[in-house]
Amino acid sequence: MPAKGKHRRTKTGPISRGVLAAGTGGAVLALPLIGATGAHAAEQSAPAATSAAAHSAPASAPAAKSAPKTYSVVSGDYLAKIAAEKKVKGGWQKLYQDNRDVVGENPSLILPGMKLTLGAKASGSAEAAPSTSAPSAAKKAAPAEKTAAPAEKTAAPAAETADSGASESTGSGWAAPVENPNVTTQYRASGASWSSGYHTGADFQAASGTSVRSIGPGTVVSAGWSGSYGNEVVIQHEDGMYSQYAHLSSLEVSAGQTVTGGQQIGLSGTTGNSTGPHLHFEVRTGPSYGSDVDPIAYLRSHGVSI
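Residues numbered from 1 in each chain as written. Predicted model: local features only at pLDDT ≥ 70, side-chain atom pairs only at ≥ 80, totals over all residues. Heavy atoms only, no water.

K.L.:
Which residues make up the pairing of strand 10 (residues 242–251), and what are the values?
P.N.:
Of all 10 residues in strand 10, 10 are buried, a share of seventy percent or more. Relative to strand 10, strand 9 (residues 231–237) runs antiparallel, the two sharing 5 bridges. When the bridges of strand 10 are listed, I235 appears paired with S243. Connecting strand 9 to the antiparallel partner strand 10 that follows it, the hairpin turn spans 4 residues, and G240 within it adopts a positive phi of roughly 90°. Both strand 10 and strand 13 (residues 279–284) contribute to a ladder of 5 bridges, which runs antiparallel. Its bridge partner lying in strand 13, S243 is registered against V283. Here strand 10 runs beside strand 12 (residues 264–268); their pairing, made up of 3 bridges, is antiparallel. Within strand 12, the residue paired with S250 across the bridge is L267. (Buried < 20%, exposed > 50% of the residue type's maximum accessible area, 1.4 Å probe, protein only. Helix = DSSP H or I, 4+ residues; strand = E, 2+ residues; numbered from the N terminus. Pairing = 2+ DSSP bridges.)

Right, dumping it as structure tokens:
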């Protein structure tokens with residue numbers, strides 16, 4: 001979240017200067033020649049200058065084409081939303097990386113009026129086009145890249161297995177909302193920090209950017225900004241119960257979308273009324289605030305070990 005050719009006008013005289021043009025790289029070398037006329041030297045220098053100008057002109061063209069675009073943050077924006085709407089390659093992580101100096105240490109906190117650069121570093125790599133001598137090296141390197149590709153494909157299933165393992169371990173497609181769950185604030189903990197006088201969910205330890213998963217199969221009821229909850233996702237499950245995931249830094253699902261147990265629905269953060277990065281998780285009998293039940297007991301009823 002990033003040479004112009006020069007030549008001197010020749011003087012007439014018994015000894016004049018000629019021009020010898022070396023074709024490699026558009027370089028021009030001037031040497032004194034005996035017996036050449038001024039007119040003949042001028043004719044030779046003209047093509048050389050034209051050639052040098054032709055070589056130098058394309059070099060400046062890519063820089064103009066690859067100028068990065070900027071985006072001005074408005075109220076309600078978050079990095080994942082901007083990255084999706086502007087089709088930023090690499091998603092919100094790349095957008096944050098390119099604009100870290102502007103956003104700061106917390107990717108969840110962006111303010112209206114901030115100027116974000118879209119694809120700044122991507123365009124920089126595009127400018128570094130290979131020179132005329134590079135194709136042979138690039139062609140030789142290509143087989144090595146192709147050879148490495150199967151290894152990446154082999155590693156992918158292993159990663160998928162690790163991600164879905166928690167949901168499949170219960171045998172019913174249910175999973176904890178985060179991997180290696182650690183509850184930091186219990187359900188029904190009392191305190192003045194909550195408008196109801198008690199904690200309506202369970203808080204899980206989760207650094208910003210931690211994968212947040214649907215606890216079970218269901219349909220997304222809402223996904224977006226929800227006041228003090230920040231960015232949240234609410235899912236209705238097949239048994240008619242609802243689960244809520246709050247303070248997310250980014251969302252990866254939308255209302256009406258069907259999800260499975262263990263599927264990633266967003267990344268944890270500290271949006272809304274939050275004192276630091278974590279996941280606020282609730283289970284409800286309805287989609288809205290005030291219908292909460294014990295979320296840990298609900299997970300355990302579906303075979304999830306917490």
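K.L.:
Lay out the side chain of H247 in plain terms, naming residues and giving numbers.
P.N.:
Relative to the helices and strands, H247 is located in strand 10. The exposure class of H247 is buried, given its relative accessible area of 5%.

K.L.:
Tell me about the pattern of salt bridges, and please be specific about residues and values.
P.N.:
Counting across every chain of the model gives 2 salt bridges. Note that K94 and D98 form a salt bridge whose closest N and O atoms lie 2.7 Å from each other. Taken together, the residues span about one helical turn, with K94 and D98 both in helix 3 (residues 91–98) at a distance of 4 residues. On the basis of relative accessibility, which here comes to 10%, the residue D98 falls in the buried class. (Salt bridge = Lys/Arg side-chain N within 4 Å of Asp/Glu carboxyl O.)

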